[in-house]
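# Residue-level structure breakdown
Read off the chains here:
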Amino acid sequence: MTKITANHLGRSAFIYIRQSTADQLLHNPESRRRQYGLADRARQLGWTTVEVIDDDLGRSGGGINRPGFERLLAAICEGRVGAVFAIEASRLARNGRDWHTLIEFCGLVGTVIVDEDGSYDPRHPNDRLLLGMKGTMSELELSLFRQRSHEALKQKARRGALFLSVAAGYVRAGRDRIEKDPDQRVQDALRLVFAKFAEFQSVRQVHVWLRDEGIALPVACHKAAEGRSIAWRLPLYNTVHNILTNPVHAGAYAFGRTMSKVSVEDGRKRVNRGVRRPMTEWDVLLKDQHEGYISWSEFERHQQVIADNATGKGSAAVRGAVRRGELLLAGLLRCGHCGRKLYVGYGGKAGRYYCRGALVNHGTERCISFGGLRADHAVGSEVLRVLKPLGINAAVKALKAQTSETSAAERQLDMALQQARFSAAYARRQYDAVDPDNRLVASELERRWNEALQVVHRIEGEVAALEARKPAPLGEKERRHLMQLGADLELAWSHPAATAATRKRVLRAALHEIVARIEGGFIEMVLHWQGGDHSALKLKMNRAGKHRWTVPEDTLSLIRELARLMPDQQIARLLNRAGKPTGRGNGWTKARVCSFRSHHGIAVYREGEWAERGEITLPAAAQIIDVSVMTALRMVRRGIIKGRQQCRGAPWVIKVEDMAAYREQKPSRRSLPSDSTQQSFTFQ
């Protein structure tokens, strides 16, 4: 008894065609022809309406989104499908969920399934059992294929012999090893990337510098027709990042650096490939497998710097990249009370460091907050003290770098020009070798030659422009000045040409972290150096309301005392003669003294204050004891008469009672002799 009835023939026959990969589409055309040939078989069995569904060519049947299969299920549910044709069950589905869903829907609406072995009606228990077994075997077959291939790949990877692709900078040397690309331009371009990262300490800054200088980087291109080739392009951020994070450039072989994550969305499996894994979870890591562009220790330092710069990932342990801003300790400070990283806040020109972790997470007050200028100065001085012996070496290296024959950008352009001239010469040889009468070939070769000459002309212009922008070499005076800066790091640190970004890089090269806490009005900082050592700093905090424009305490005390002795105009003159400026470094005036007194609550000088306190000036004391002012001054300095002076140039203050005590102790003058003939000697 046939399973195909008139009811089935009255509906449409659907031919489902699928091949799993693009490689099968390219190299297995016979399988695709066999599947399209099912349409002829459907017509031979009596169907007049045949629809072909080939939307899923190049898609796996393991459960990912397949629009063609979804369209087939929709047509079955609508009752429009009399039979589903496929070569085998694996073409319809490679997972049990899709396969059994198809069987269930076909059984509900009476649709038969036809393959090369026969036809099956899911409503019959025997056919349903056989279809279920075929689906299970297809799913098991896929699992076995995957397991075998994965284990074979892993076995080869454990030997360091599996190369699915080769990164730019390397070429295959046999089937199971690689070596450096012999192209010198490729090697120098990669070395330039690593050198600039060591200088800038930021992937983004290296990318921006390469784009600004117009330096192209090599990119490995894989084309089925041409094979692997190297293309030169202006770099994208991902290009620079991949060069810096690929362990192959450190001479290591790595396998399993990425993985696939599977999720279910809208009832379908979604595979997210290329998810990066931590280095500790890589399947294979073999060091010193081939010649590298950097050492493995340099590679590890680069990864640590890149991880420290990744502030966007929400980790509180990273320092962050060097950014704009005058405060130097951003990213290095950590709160000694709660362990969170300190943030930077700017108000005007000054900035502050503060911990807001408790405020954000718990709604409590901020742990600590302190001004940045004093902390930056103290830490900078400590770092300069430690790095002082290295100053001369840094100056010598700077001279060598400046006196090098060509810069990195010039070298890259020179090699690009050499390659462009070779391409132009090669295009010319091809043009000269062809028969001029064969215009179909000669015109194309002439066009290629012209394009190569245009590239040469463009690069020559770039070389000339770069040469025009090249700074003049250092003269003898500049060399001596640079050596002087190397010998005196403090002078180099405060030099106008030294930017905040440069100072930050110096601090980060020397320091790993700074733990700060506030105790008893002092900022206590523990400096953790890169070598593992640590040292402590202790800074006194300013009182509330005190800022960097505040006058020193001794000046405040002096003005407080002088306000009891003289008016504001005389106080201003005295302070200017004594070399005591205002908080902003200006000279004193009557108005400034008056404003300062008012701000600090110091009363103005009044006439008669001296008499109220029982005090007199030095001239008044000299008049009382009937001596000259200079004599009285010598007597005060010798301690014969008690007096006090607030500062040099201030008036001497003498107590009236001290003068009375002196007069009582002073012996009386001897009387003149009674001899009237005795003469007195008078000085002229």
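The structure under discussion appears in the preceding block.
Residues numbered from 1 in each chain as written. Predicted model: local features only at pLDDT ≥ 70, side-chain atom pairs only at ≥ 80, totals over all residues. Heavy atoms only, no water.

### Some details on the packing of aromatic side chains
- What the rule picks out here adds up to ten aromatic pairs.
- Their ring planes at 90° and their centres at 5.6 Å tell us that Trp 47 and Phe 85 sit as a pair that is edge-to-face. Here Phe 85 lies in strand 3 (residues 81-85) and Trp 47 lies in the loop between helix 4 (38-44) and strand 2 (50-53), a separation of 38 residues in the sequence.
- In this structure Phe 85 comes out as buried when scored by relative accessible area, which is 0%.
- Taken together, a centroid distance of 5.6 Å and an interplanar angle of 35° make the contact between Tyr 431 and Trp 449 tilted. Within this pair, whereas Tyr 431 is found in helix 16 (residues 408-433), its partner Trp 449 is found in helix 17 (residues 439-469), the two being separated by 18 residues in sequence.
- A cation sits over an aromatic face here: Lys 538 above Phe 522, 4.7 Å from the ring centre. (Phe/Tyr/Trp six-rings, centres within 6.5 Å; stacked < 30°, edge-to-face > 60°. Helix = DSSP H or I, 4+ residues; strand = E, 2+ residues; numbered from the N terminus. Buried < 20%, exposed > 50% of the residue type's maximum accessible area, 1.4 Å probe, protein only. Lys NZ or Arg CZ within 6 Å of the ring centre and 35° of its normal.)

### Quick word on the environment of Ile 459
- When you line up the elements, Ile 459 lands in helix 17.
- Given a relative accessible area of 6%, Ile 459 falls into the buried group.
- Between the C-alpha atoms of Ile 459 and Leu 413, which are 46 residues apart in sequence, the distance is 7.0 Å.
- If sequence neighbours within four positions are ignored, Ile 459 has contacts with Leu 413, Ala 416, Leu 417 and Ala 420. (Contact = heavy atoms within 4.5 Å.)

### Focus on the pattern of salt bridges
- Throughout the structure, instances matching the rule amount to 31 salt bridges.
- With its nearest N and O atoms 3.1 Å apart, the salt bridge here joins Arg 66 to Asp 98. With Arg 66 in the loop between strand 2 and helix 5 (67-77) and Asp 98 in helix 7 (residues 96-109), this residue pair connects regions lying 32 residues apart in the sequence.
- On the accessibility criterion, Asp 98 (2% relative accessible area) is buried.
- As a salt-bridge pair, Asp 188 and Arg 191 come within 3.2 Å of each other at their nearest N and O atoms. You can see Asp 188 and its partner Arg 191 sitting in helix 9 (residues 184-200), three residues apart, about one turn around the helix.
- Overall, the relative accessible area of 33% leaves Arg 191 in the partly exposed class.
- Here the residues in one salt-bridge network are Arg 564, Glu 609, Arg 613, Glu 615, Arg 644 and Lys 655, joined through shared partners. (Salt bridge = Lys/Arg side-chain N within 4 Å of Asp/Glu carboxyl O.)

### Side note on the sheet that holds strand 17 (residues 369-371)
- Pairing within the open sheet is antiparallel, and its three strands lie in the order 15-16-17. Since the sheet does not close on itself, it has two edges, and those belong to strand 15 (343-347) and strand 17, each with one partner. Strand-to-strand twist in this sheet, taken as the mean axis angle between neighbours without regard to direction, amounts to 30°.
- Strand direction decides the pairing type here: strand 16 (residues 350-354) and strand 17, joined by three bridges, are antiparallel. The residue bridging Tyr 353 from the neighbouring strand is Phe 370, located in strand 17. (Pairing = 2+ DSSP bridges. Axes fitted to C-alpha atoms, helices over the stretch in contact; angles between N-to-C directions.)

### Some thoughts on the nonpolar core
- With 37 residues, the main nonpolar core has Val 193, Leu 210, Val 240 and Leu 244 as its most contacted residues.
- Contributions of two or more residues to this core are made by helix 9, helix 10 (203-213), helix 11 (237-245), strand 10 (253-255), helix 12 (296-309) and helix 16.
- A per-element tally of this core places helix 9 first, with seven residues.
- Listed in part, the 27 residues of the second largest apolar core include Leu 333, Tyr 353, Ala 516 and Ile 523. (Core = buried A, V, L, I, M, F, W, Y, C linked by side-chain atoms within 4.5 Å.)

### Things to note about the side chain of Lys 196
- Tracing the chain through its elements places Lys 196 in helix 9.
- For Lys 196, the contacting residues outside a window of four places in its chain are Gln 201, Val 206 and Trp 209.

### Examining the sheet that holds strand 2
- Strand order in the open sheet made by the five strands is 2-1-3-4-5, with mixed pairing throughout. Of all the strands in the sheet, just strand 2 and strand 5 (119-120) have a single pairing partner and so form its edges.
- Note: strand 4 (residues 112-114) against strand 5, two bridges, orientation antiparallel. When the sheet's bridge partners are listed, Ile 113 is paired in strand 5 with Tyr 120.

### A look at the packing of helix 11 against helix 12
- Running from N to C, helix 11 and helix 12 point in directions that differ by 135°, and their axes come no closer than 9 Å. One way to sum up the angle between helix 11 and helix 12 is to call them oblique. The residues of helix 12 that touch helix 11, namely those facing His 241, Leu 244 and Thr 245, are Phe 299, Gln 303 and Ile 306.
- Here the residues of the contact of helix 11 with helix 12 sort into three nonpolar, three polar and no charged. (Parallel < 35°, antiparallel > 145°, perpendicular 65-115°, else oblique. Nonpolar A, V, L, I, M, F, W, Y, C, P; charged D, E, K, R; others polar.)

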